[in-house]
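The chain contents come next:
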Amino acid sequence: MAAELPKTLRIVGKTYDSVKVPLIDDCGLCEDHTQQIKIDTKMGHDLERDTLLHEAIHAIDYCMQLSMSEKQVNGMGTALYALLNDNPELIKYLIAKPRKGKTNGQDTSMDSQGGKKPKRGTQRQGARKLQRSKSR
Ligand SMILES: [Zn+2]
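Here we summarise the structure given alongside this text.

Attention now goes to the overall build of the protein chain. Helix and strand content of the protein chain: 3 helices and 4 strands. Shown N-terminal to C-terminal, the secondary structure of the protein chain runs as helices and strands in the order β-β-β-β-α-α-α. For the protein chain, with 136 residues in total, the buried portion stands at 14%. The long-range share in the protein chain, meaning contacts at least 24 apart out of those at least 6 apart in sequence, stands at 31%.

Right, here's the structure in full:
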C-alpha cells in the first residue's frame, strides 16, 4: 500500500499544507509564515518521508521557539523516522484511545494490577531531565 503525502499536517495546533514541488537545491522547505511544507518531487521512498518529518520538526521548532540547529533537526528527523519505522507497534500504542472505563478526567493513577504508576522520569537511572534554565 503506497500512501500519499498527507495534504495537511496539524503541527502544535496549526495546520500546515504539504505539497510536492520540484525544488532545486533542497529536499524540502518549511515556510512558517505561510504554514506550508514543500517536498521535492524526485526523492526515494524513505528520503521523502524522512524529509517530511524533518520539515515538520522545523515547524515544531518554530512554534515552540526551540532554536534548534539544522544538525539537531536532521538528527531528530532521521532518528524519529527510524524509530517509528522500526516499531510499528509503538505508533499503534501511542495513538490508541483509552480503554473503556478509563476515559479522560477519571482517575487513571492505578494500573491494571491495582498498583501506582511510576511517575514519569523517575523510574530509572539516566532518565532525561528537563533543563529549562541551562543552555549550552
Ligand atoms: Zn532543515
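Turning our eyes to something else, we now look at the nonpolar core. Membership of the largest hydrophobic core is limited to 11 residues, which are Ile11, Tyr16, Cys30, Ile37, Ile39, Leu52, Leu53, Ala56, Ile57, Ala59 and Val73. Looking at this core, the elements with two or more residues in it are β4 (36-40) and α1 (45-64). It is α1 that contributes the most residues to this core, 5 residues altogether.

On to the packing of α1 against helix α2 (residues 70-86), then. Two elements in contact, α1 and α2, have axes separated by 8 Å at closest approach and are oriented at 130°. Classified by the angle their axes make, α1 and α2 are oblique. Viewed along their axes, α1 and α2 form a crossing whose handedness is right-handed. Of α2, the residues touching α1 (which contributes Arg49, Asp50, Leu53, His54, Ile57, His58 and Asp61) are Val73, Asn74, Met76, Gly77, Thr78, Leu80 and Tyr81.

Once that is clear, we can look at the environment of Val21. Take Val21: it is sitting in strand β2 (residues 14-21). Val21 gets classed as exposed once you count the C-beta atoms within 10 Å, which come to 11. Sequence-wise, Val21 and Ile37 are 16 residues apart; in three dimensions their C-alpha atoms are separated by 9.9 Å. Contacts of Val21, omitting those with residues within four sequence positions, involve Lys38 and Thr41.

We now examine the sheet that holds β2. Spatially, the 4 strands line up as an open sheet ordered β1-β2-β4-β3, and their pairing is mixed. Taken across any chain shown, the strands that pair with only one partner, and hence form the sheet edges, are β1 (8-11) and β3 (28-31). With strand direction ignored, the average angle separating the axes of adjacent strands in the sheet is 20°. Here β3 runs beside β4; their pairing, made up of 4 bridges, is antiparallel. Bridged to Glu31 within β4 is Gln36. The strands that α1 touches are β1, β2, β3 and β4; relative to β3, the one it contacts most, it runs at about 25°.

Positive phi outside glycine occurs at Val12, with the angle close to 45°. Structurally, Val12 can be placed in the loop between β1 and β2. Since 11 C-beta atoms lie within 10 Å of it, Val12 is described here as exposed.

Calculation criteria
- Residues numbered from 1 in each chain as written.
- Predicted model: local features only at pLDDT ≥ 70, side-chain atom pairs only at ≥ 80, totals over all residues.
- Helix = DSSP H or I, 4+ residues; strand = E, 2+ residues; numbered from the N terminus.
- Buried ≥ 20, exposed ≤ 12 C-beta atoms within 10 Å, placed from the backbone.
- Contact = placed C-beta atoms within 7 Å.
- Core = buried A, V, L, I, M, F, W, Y, C linked by C-beta atoms within 7 Å.
- Axes fitted to C-alpha atoms, helices over the stretch in contact; angles between N-to-C directions.
- Parallel < 35°, antiparallel > 145°, perpendicular 65-115°, else oblique.
- Left-handed = near helix turned anticlockwise from the far one by under 90°.
- Pairing = 2+ DSSP bridges.

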